[in-house]
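The residues making up each chain are set out below.
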Amino acid sequence: NRQIVLASRPTGEPTVDNFKLVEAALAPLAEGEVLVRNHYLSLDPYMRGRMNEGKSYAQPQPLGEVMIGGTVGEVVESRNAHFKPGDAVVGMGGWQEYLRVNADQRGVLQKVDTTHIPLSAYLGAVGMPGVTGWYGLTQIINPKAGETVVVSAASGAVGGAVGQLAKARGCRAVGLAGGPDKCAYVVNELGFDACIDYKQHPDVKSLSKALKEACPDGIDGYFENVGGMILDAVMLRANAFARVAMCGMISGYNGEPIPMSAPQLILVNRMRVEGFIVSEHMELWPQALKELGMLVATGKLKYRETVADGIAAAPQAFLGLLKGKNFGKQLVKLV
Ligand code: NDP
């Protein structure tokens, strides 16, 4: 069983040397356990936070242990009455080829149906990132038809879902993404009304001008994935009573400062700014997954994947995700 463990903690930008590939023997199954062959590993921005020692909303990843991560795979051996070989499952299998786990622990493994939905989608649009987009949009922004919703990292796993769900609710959806290819995809494939290439804008003033053109009626809802200059520019275009779902601030994950240049606009615009962690709202996951699953199965919710090949490629792919080298959901194919 090849695994990637956290070898050391990064200071600032992580490097491949923070990770180590190891090989561990697979022990025979105990009663209640199942052996899962992981087919795909999900790489997600939150993993950067886990590499740090400091206190955050999640426990740090212990050194020398298998990196935490969501996986989908197939049960290959079972000593648990609820699972049989051939079952497709999603779980927190970690950065490794096989997962041996006691499947009686609540929520550790969920069976999934791959008849109409591809297995890998359970790590993206019909998984944690999709639910994240759904939660911030429906529970925090809660837009009315005709309102304008803006989302950063719009071509990504979370952002792509946000804009499409907003369109399905009759909103104007405007994305921000890095580069012309990502922007063209957001408009032409995902069906957003507009997408701004933030890399073409050297400062807040210029970006705010682009937002004014893309959002002629102002901004009613903002789904924040990035932080920094993008947030500042959005604040300048926010309407009275705008709602901001604070989902992520990836531009600061390596410890970069992310100052907010005009917090007084929260008051002036009577804005509501709310952070959330999707795993703290498990009670809403079934409702979210029902809508997301239906939309994906019927081809109405589109997504794109970037797939790295083999467990050894995971660290480099993860570093790429933190630099925007991924296009859509970043996965690692393990079989
Ligand atoms: P994405 O698939 O969107 O990939 C990350 C993207 O972020 C990159 O492709 C890149 O897009 C952009 N990016 C990376 N580095 C920077 C940077 N320095 N400055 C600006 N943009 C950058 O990832 P996800 O969809 O999985 O996650 C999106 C956000 O949602 C993240 O902030 C993540 O932490 C957050 N999140 C929060 C959750 C919660 O419970 N609160 C749960 C899940 C995710 P581009 O090339 O367009 O710049």
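In this text, all values refer to a predicted model and were calculated from it rather than measured experimentally. (Residues numbered from 1 in each chain as written. Predicted model: local features only at pLDDT ≥ 70, side-chain atom pairs only at ≥ 80, totals over all residues.)

1. What about the site of the ligand?
Under the convention used in this document: Think of it this way: take the backbone, place a C-beta atom on it, and check whether that atom is within 6 Å of the molecule or strand, in which case the residue is near it. Working definition: helices are DSSP H or I runs of at least four residues, strands are E runs of at least two. Numbering for both runs from the N terminus. For this classification, the nonpolar set comprises Ala, Val, Leu, Ile, Met, Phe, Trp, Tyr, Cys and Pro, the charged set comprises Asp, Glu, Lys and Arg, and every other residue, Gly included, is treated as polar. Domain borders in the structure are assigned automatically or taken from a domain database.
What surrounds the ligand is a group of 29 residues, the closest being Gly-156, Val-158, Gly-178, Gly-248 and Gly-324. The biggest single contributor to the shell around the ligand is helix H3 (residues 157-168), with three residues. Tallied by class, residues from the shell around the ligand come to 15 nonpolar, ten polar and four charged. Mapped onto the domain boundaries, the shell around the ligand takes at least three residues apiece from domain 1 (2-124 + 303-333) and domain 2 (128-279).

2. Describing the environment of Leu-322
Going by this rule: Labels follow a simple rule on C-beta atoms placed from the backbone: if 20 or more others lie within 10 Å of a residue's own, it is buried; if 12 or fewer, it is exposed; otherwise it is partly exposed. The contact criterion used here is simple: two residues whose C-beta atoms, placed from the backbone, lie within 7 Å are in contact.
Summarising the element assignment, Leu-322 is placed in the loop between helix H9 (314-321) and strand E15 (329-333). Owing to 18 C-beta atoms within 10 Å, Leu-322 belongs among the partly exposed residues under this scheme. Separated by 72 residues in the primary sequence, Leu-322 and Ile-250 place their C-alpha atoms 7.5 Å from one another. Not counting residues within four places of it along the chain, the set of residues in contact with Leu-322 comprises Pro-45, Arg-48 and Tyr-253.

3. A look at unusual backbone geometry
For Ala-153, which is not glycine, the phi torsion reads 50° and is therefore positive. Note that Ala-153 resides in the loop between strand E8 (148-151) and H3. Note on Ala-153: 27 C-beta atoms within 10 Å, which makes it buried. Even without glycine at this site, Arg-270 takes up a positive phi of about 50°. Within the secondary structure layout, Arg-270 lies in the loop between helix H7 (264-268) and strand E13 (272-275). Accessibility expressed as a C-beta count within 10 Å gives 12 for Arg-270, which makes it exposed.

4. Some thoughts on the UniProt feature "domain: Enoyl reductase (ER)" (unreviewed entry) in the chain
Keep this limit in mind: UniProt positions are given in the numbering used here, feature names are shortened, and annotations may be inferred rather than shown by experiment.
The feature "domain: Enoyl reductase (ER)" (unreviewed entry), as annotated in UniProt, sits at residues 14-332 in this numbering. Here residues 14-332 runs as 27% helix and 24% strand, with 18 Å between its end C-alpha atoms.

5. A few points about the domain arrangement of the chain
One can read the domain layout of the chain as domain 1 (2-124 + 303-333) and domain 2 (128-279). With centres defined by C-alpha atoms, the gap from domain 1 to domain 2 works out at 29 Å. The interface of domain 1 with domain 2 comprises 15 residues on the first partner and 16 residues on the second. Among the residues making up the side of domain 1 that touches domain 2, the classes are represented as five nonpolar, six polar and four charged.

6. Re H3
Keep this limit in mind: Helix span, expected: 1.5 Å multiplied by one less than the number of residues in the helix.
Compared with an ideal rise of 1.5 Å per residue, which puts twelve residues at 16 Å, H3 spans 17 Å between its outermost C-alpha atoms and is within 8% of the ideal. With respect to burial, H3 is a largely interior element, ten of its twelve residues being buried. Within the sequence span of H3, burial applies to Ala-157, Val-158, Gly-159, Gly-160, Ala-161, Val-162, Gly-163, Gln-164, Leu-165 and Ala-166. Buried positions along H3 lie against helix H2 (128-141), E8, strand E9 (172-177), strand E11 (219-224) and E15.

7. Comments concerning the sheet that holds strand E10 (residues 194-197)
Pairing between sheet strands relies on hydrogen bonds along the backbone, with the strands arranged either parallel or antiparallel. Note the threshold: We call two strands paired when DSSP finds no fewer than two bridges between them. Lines fitted to C-alpha atoms define the axes, with helix axes restricted to the stretch in contact, and inter-axis angles between N-to-C directions lie between 0 and 180 degrees.
Ordered by their spatial adjacency, six strands build an open sheet running E10-E9-E8-E11-E12-E13, and the pairing between neighbours is parallel. Of all strands in the sheet, those with a lone pairing partner are E10 and E13, marking the two edges. Between one strand and the next, the sheet's axes are offset by a mean angle of 15°, whatever the strand orientation. Contacting E8, E11, strand E12 (238-246) and E13, H2 crosses the sheet at an angle of about 140° to E12.

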